[in-house]
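For reference, the chains in residue letters:
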Amino acid sequence: NAGVTQTPKFRILKIGQSMTLQCTQDMNHNYMYWYRQDPGMGLKLIYYSVGAGITDKGEVPNGYNVSRSTTEDFPLRLELAAPSQTSVYFCASSYTDYNEQFFGPGTRLTVL
Amino acid sequence: GQQVMQIPQYQHVQEGEDFTTYCNSSTTLSNIQWYKQRPGGHPVFLIQLVKSGEVKKQKRLTFQFGEAKKNSSLHITATQTTDVGTYFCADGTSYGKLTFGQGTILTVHP
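Right, let's walk through the structure included here.

Cut-off values and rules
Residues numbered from 1 in each chain as written. Chains lettered and ligands numbered in written order. Predicted model: local features only at pLDDT ≥ 70, side-chain atom pairs only at ≥ 80, totals over all residues. Heavy atoms only, no water. Helix = DSSP H or I, 4+ residues; strand = E, 2+ residues; numbered from the N terminus. Rg over C-alpha atoms; globule rule 2.2 N^0.38 Å. Buried < 20%, exposed > 50% of the residue type's maximum accessible area, 1.4 Å probe, protein only. Contact = heavy atoms within 4.5 Å. Pairing = 2+ DSSP bridges. Axes fitted to C-alpha atoms, helices over the stretch in contact; angles between N-to-C directions. Buried area = accessible area lost by both parts, 1.4 Å probe. Salt bridge = Lys/Arg side-chain N within 4 Å of Asp/Glu carboxyl O. Polar contact = N/O pair within 3.5 Å; in protein donor to acceptor, adjacent residues only side chain to side chain. Phe/Tyr/Trp six-rings, centres within 6.5 Å; stacked < 30°, edge-to-face > 60°. Lys NZ or Arg CZ within 6 Å of the ring centre and 35° of its normal.

Topic: the overall build of chain A
Part 1 of the argument: In terms of regular secondary structure, chain A is built from zero helices and eleven strands.
Part 2 of the argument: Sequence-ordered secondary structure for chain A, helices as α and strands as β, is β-β-β-β-β-β-β-β-β-β-β.
Part 3 of the argument: Computed over its C-alpha atoms, the radius of gyration of chain A comes to 13 Å, within 12% of the 13 Å expected for a compact globule of 112 residues.
Part 4 of the argument: Taking the principal axes of the C-alpha coordinates as reference, chain A spans close to 35 × 25 × 25 Å.
Part 5 of the argument: Taken across its 112 residues, chain A has 44% of its residues classed as buried.
Part 6 of the argument: In chain A, the share of contacts with a sequence separation of at least 24, taken over all contacts with a separation of at least 6, comes to 54%.

Dropping the structure here:
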C-alpha cells in the first residue's frame, strides 16, 4: 500500500492564480482531512470528509474548496491564491472517526 | 473554539537526558492523540489516550492523561538523537476532527 499520496510536492503560485492539490489514499478509509501548517505552528483543519459525496468545513476553510467524488480522492482547490495561503498542506485519512490519522508527505505552497 | 496549549515550545537536551512536553486545555478533552513530526516530514501517530488517568508506555515513551481530562503529557526517558522532532498533542472531536497544540520542538545534542 502506498498509503496517502499528495501531489505536487512543491509549488509556487502568483497572487490570484488557482490550483488543485491532489490527495489519494489506497487504504479504503472513509474519513479524509486537509490541514495546513504554518511555520512553527500546529496543524489547522481546513476541510474534512466522512465519505464520498460528504464534505464539511473545518477551522480555516476560507479561500478553499473541496470535493469527494470517490473514496480514494480528496482534492483541495485554491481559487484565488493569496500570500496568506503560503503554507505546508497535509492530507490525512482514517478508517473511522476514532482512529489514528495517516498523513501524506505534504505540499509546500508559496504564493508570491 | 477549543484551544489546546502545549508547552514548552522548544526543548534542548543532551543525549541521555529526559524530556517532557505538556498539553493543557481549559475544557475537557475528548481524547488525546500524540504525533511526532521529524524535520521536513509529516506527522506520524504515536498513541491515543481515552480514559481519565490513563497511562501508556512505548519503550522509552510514557504518555499520561490527566484525571480531569484537561491535560496530558509525553515523557521520554534517556533521549536519543533519533528522538529529534516536533511532538504534537491533538484533541479528537466529532468526525475525527483534530485540534492540534502548537507542538514542542525537541533538539537532542549528542
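With respect to the sheet that holds strand β6 (residues 55-58) of chain B
Residues and elements named next belong to chain B.
Part 1 of the argument: The five strands lie next to each other as β1-β3-β8-β7-β6, forming an open sheet whose pairing is antiparallel. Each edge of the open sheet carries a strand with a single partner, namely β1 (5-7) and β6. Each adjacent strand pair in this sheet contributes to an overall mean axis angle of 15°, direction not counted.
Part 2 of the argument: Bridge count between β1 and strand β3 (residues 19-24): three bridges; the pairing is antiparallel. Along β3, the bridge assignment pairs Gln6 with Cys23.

Some details on the interface of chain A and chain B
Part 1 of the argument: The interface of chain A with chain B comprises 20 residues on the first partner and 19 residues on the second.
Part 2 of the argument: For the chain A face of the interface with chain B, the top three residues by lost area are Leu43, Tyr98 and Phe103 of chain A, together amounting to 30%.
Part 3 of the argument: At the junction of chain A with chain B, the criterion picks out zero salt bridges.
Part 4 of the argument: At the junction of chain A with chain B, the criterion picks out six residue pairs in polar contact (both at pLDDT 80 or more).

Thoughts on the packing of aromatic side chains
Part 1 of the argument: Within this structure, the stated rule accounts for 13 aromatic pairs over all chains.
Part 2 of the argument: Seen from their ring centres, Tyr35 of chain A and Phe100 of chain B are 5.6 Å apart, and the 85° between their planes marks the pair as edge-to-face. A residue pair is termed interchain when its members come from two chains, as with Tyr35 of chain A in strand β4 (residues 31-37) and Phe100 of chain B in strand β10 (residues 98-100). With respect to burial, Tyr35 of chain A and Phe100 of chain B carry one shared label: buried.
Part 3 of the argument: A centroid spacing of 6.4 Å and a plane angle of 80° characterise the contact between Phe90 of chain A and Phe103 of chain A, whose relative ring orientation is edge-to-face. Taken together, the positions of Phe90 of chain A in strand β9 (residues 87-94) and Phe103 of chain A in strand β10 (residues 102-103) put the pair 13 residues apart, joining distant regions of the chain. Across the pair, Phe103 of chain A and Phe90 of chain A agree in class, each one buried.
Part 4 of the argument: One cation-aromatic arrangement involves Arg68 of chain A over Phe74 of chain A; the distance from NZ or CZ to the ring centre is 6.0 Å.

Details of the pattern of salt bridges
Once their charged atoms are close, side chains differing in charge can pair, the charge on each being opposite to the other.
Residues and elements named next belong to chain B.
Part 1 of the argument: Summed over all chains, the structure comprises five salt bridges over all chains.
Part 2 of the argument: One salt bridge in this structure joins Lys56 and Glu54, with 3.7 Å as the shortest N-O distance.
Part 3 of the argument: Among the residues examined, Glu54 registers a relative accessible area of 16% and is labelled buried.
Part 4 of the argument: Asp83 serves as the salt-bridge partner of Arg60, at 2.9 Å between the closest nitrogen and oxygen. Of the two residues, Arg60 is situated in the loop between β6 and β7 (61-65) and Asp83 in the loop between β8 (71-76) and β9 (85-92); the sequence distance between them amounts to 23 residues.
Part 5 of the argument: A residue is classified by how much of its surface remains accessible, and Arg60, at 22% relative accessible area, is partly exposed.

Brief notes about the environment of Val4 of chain A
Residue and element names in this part refer to chain A.
Part 1 of the argument: With respect to the element layout, Val4 can be found in strand β1 (residues 4-7).
Part 2 of the argument: As for Val4 and Gln25, which are separated by 21 residues in sequence, their C-alpha atoms are 4.4 Å apart.
Part 3 of the argument: Sequence-distant contacts of Val4, defined by excluding residues within four places in its chain, comprise Cys23, Thr24, Gln25, Met27, Cys91, Ser93, Phe102, Phe103, Gly104 and Pro105.

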